[in-house]
Amino acid sequence: MHSEKSKNQFIYGCTILYLIGYWYFSFDGITFSDDVVYMEFGKLFWEGKAFPYPTHFADRWGTYIFSGLLTHTFGFNERIAATASLTSYILTYSILFSLLNKSQQRLGFSLLYVGQVYFMYFIHKVYPDSVLLLFITVILWSAIRRHERPKLAGILMAASFLIGFSTKETIVFLLPMPLFLLAKDWKTNNSKCFYQVFFACSIILLLGYFGYYHIYNGNWLFRFSSVNEGHYISEYTYHDKGWKAILQRLTYVPILTFIERSFWPYMIGAFPALLHGIKGTDDTQKIISWAVVCLFTGFWFMSSTLEFYNPLYLNPRHLIILIPLLAWLIAYSIPCVLLQRSNLIFFAFSFVFAAILSWNSFMLLSFYSSLAIFMLLILYLPKAKWGILLWLFLPGMASSLYHYQNKNYPHLKEAYRIFAESSSADLKLANDFLVFSNEVLLTNSSAGNVHSLKNWEALMQHPPKSMDIFIYNFYKHAYPLEQEDWDGLQHALQQRNYRSTLLSQDKWVEIWRFENP
């Protein structure tokens, strides 16, 4: 017993250290996107200032209130803000870890928890999905403990649903869970106290939540209308592209997405345990299995707006909330279910199927083909199962190294700061995504010194005598459409006989000066 406890403590401690180490050493900065908005809103919220523009992101206060408190207390910094995501990952892991009993299961869960590339990528990013993990886990913990601690479980579940919804609307995928529990307990007449507390708290919280919007916006349902207004047409929407695009999205596109984004091994690995959990009698496994079914159903069929049907775009960032639960199910099935001969053969064929669909990507083809061979190898050499560590850790390590080297974020930030503060040109321009992130990348005094390359046509209506342009080559990877702005400006400057000089250049940054003689 003492040995088992020591093993569990060692596994837990090593995993926590790994999460912290990964968060610290693989940090590659901001994504120059929504995370900038959440950081800015968190800062303004704790300063008691109004938000600069209306957006449904402002209603996701669960995303920025925690990171904003950290930056308000310890300084406005992207790494400090990302501590909220790290905390969510650690607490989520700790709760799910406590729901397993055997050290072998806990070891498997720990390895799987830190093994998915996209899941680990967002551990140091300020996004709602990273925080939502915790509230989903608390909801499931409350469901599992509803008999033992009914009052606490009822309060926590109600609060987690509300705070989760105020973090990311995805939490609504779990709304069937209380009804599932009620149907399950109805015959036995168990946990009356839990349901009384849960529904009472839910009514009180919802009245307060919607009442707030009624008082300040004059509309009880303002939160839903703001979601509708946040919808815009892009390459990732389906309604505007016709019924064929919607049909594709509802049939094979999700499968391709799961394969391309490396969620497939977790889905396939958890499938036997999922079926066993739904049919079985173990309450914990059943609850987590049904939660996974709810989440998958929501991702597959839910619309991004209530005004018309537009299936959700399956952004891998949104899908990371599946990973802890899938990892738990896989680990729970160790060793009784997971390594059965029939399951290993099923896994092998599933990975062959994924390899065939990945024919146009050598990396994915190699990944799934080797996994299929490995599954067959375990049939004859069961101890070879530990070789799975290669497939778990190598992609994550390689990905973090790639992003770190590709972005060289510390170098960018220092070069951009010097450019903003010291350039003597009449006009300073930079990539649009950099200027969008000025509040994070630059100090308050220099944030307004650099203008967006996207607005070059308006700025050129009054051509300056000289201009300096900061180009961060990461745009070729993340924002390739910005090439049009850069090409358009260069062409316009050539027509006006501006003389160009390359002031500085390396692998990541180019600084150009254009002068009108």
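Please refer to the structure higher up on the page.
As a starting point, this report considers the structure included with it. Note that this is a predicted model, so its numbers are computed, not measured.

Each helix and strand counted, the protein has 27 helices and 5 strands in total. C-alpha extents for the protein along the principal axes are approximately 85 × 60 × 55 Å. Relative to its full complement of 517 residues, the protein shows a buried share of 53%. Look at the contacts in the protein between residues 6 or more apart in sequence, and 71% of them connect residues 24 or more apart. On the protein, roughly 24,500 Å² of surface is accessible, and the fraction owed to carbon and sulfur atoms is 65%. Where the 39 positive side-chain charges of the protein centre and where its 33 negative ones centre are 13 Å apart.

With that settled, consider unusual backbone geometry. One non-glycine residue with positive phi stands out, namely Phe32, at about 60°. For Phe32, the location among the structural elements is in the loop between α1 (2-25) and α2 (34-47). In this structure Phe32 comes out as buried when scored by relative accessible area, which is 2%. Despite not being glycine, Ser262 has its phi angle at roughly 65°, a positive value. Mapped onto the fold, Ser262 is located in the loop between α14 (253-260) and α15 (264-279). Of the residues examined, Ser262 reaches a relative accessible area of 19% and is grouped as buried.

Overall, the coordinates contain 60 aromatic pairs when judged by the stated rule. A ring pair is formed by Phe210 and Phe224, whose centres lie 5.9 Å apart and whose planes are at 25°; its orientation type is stacked. Separated by 14 residues along the polypeptide, Phe210 in helix α11 (residues 192-217) and Phe224 in helix α12 (residues 222-229) bring together distant segments of the chain. For the ring pair Phe271 and Phe346, a centre distance of 5.8 Å and an interplane angle of 35° mean the geometry is tilted. One end of the pair, Phe271, is in helix α15; the other, Phe346, is in helix α19 (residues 341-357), with 75 residues separating them in the sequence. On the accessibility criterion, Phe271 (39% relative accessible area) is partly exposed.

Another aspect to go through is the sheet that holds strand β2 (residues 451-452). An order of β2-β1-β3-β5-β4 is seen for the 5 strands of this open sheet, with the pairing classed as mixed. Each of the sheet's edge strands pairs with one partner strand only, and the pair in question is β2 and β4 (499-505). Pairing between β4 and strand β5 (residues 509-515): 6 bridges, direction antiparallel. Its bridge partner lying in β5, Ser504 is registered against Ile511. Along the sheet face, helix α27 (residues 483-495) touches β1 (427-430), β3 (466-472) and β5 and points at about 155° away from the line of β3.

Next up on the list: α11. Its 26 residues place the ends of α11 37 Å apart at the C-alpha level, agreeing with the 38 Å of an ideal helix rising 1.5 Å per residue. Every buried residue of α11 is listed here: Phe194, Tyr195, Val197, Phe198, Ser202, Tyr209, Phe210, Gly211 and Tyr213. The inward-facing, buried residues of α11 contact α3 (61-74), α8 (128-144), α9 (150-165), α10 (176-186) and α12.

What follows covers a nonpolar patch on the surface. A cluster of nonpolar side chains, contributed by Ile203, Leu207, Trp220 and Leu221, occupies part of the molecular surface with about 430 Å² of accessible area. On the secondary structure map, Trp220 appears in the loop between α11 and α12.

What follows concerns the side chain of Asn343. Along the chain, Asn343 falls in helix α19. If we skip the residues at most four places from it in the chain, Asn343 touches Pro272, Val337 and Leu338.

About the cut-offs
Residues numbered from 1 in each chain as written. Predicted model: local features only at pLDDT ≥ 70, side-chain atom pairs only at ≥ 80, totals over all residues. Heavy atoms only, no water. Helix = DSSP H or I, 4+ residues; strand = E, 2+ residues; numbered from the N terminus. Buried < 20%, exposed > 50% of the residue type's maximum accessible area, 1.4 Å probe, protein only. Contact = heavy atoms within 4.5 Å. Areas by Shrake-Rupley, 256 points an atom, 1.4 Å probe, with all protein chains shown as cover. Lys, Arg positive; Asp, Glu negative; His and termini not counted. Charge placed at Lys NZ, Arg CZ, Asp CG, Glu CD. Phe/Tyr/Trp six-rings, centres within 6.5 Å; stacked < 30°, edge-to-face > 60°. Pairing = 2+ DSSP bridges. Axes fitted to C-alpha atoms, helices over the stretch in contact; angles between N-to-C directions. Expected span 1.5 Å × (residues − 1). Patch = residues over 30% accessible without salt bridge, like charges linked within 9 Å, V, L, I, M, F, W, Y side chains within 5 Å. Salt bridge = Lys/Arg side-chain N within 4 Å of Asp/Glu carboxyl O.

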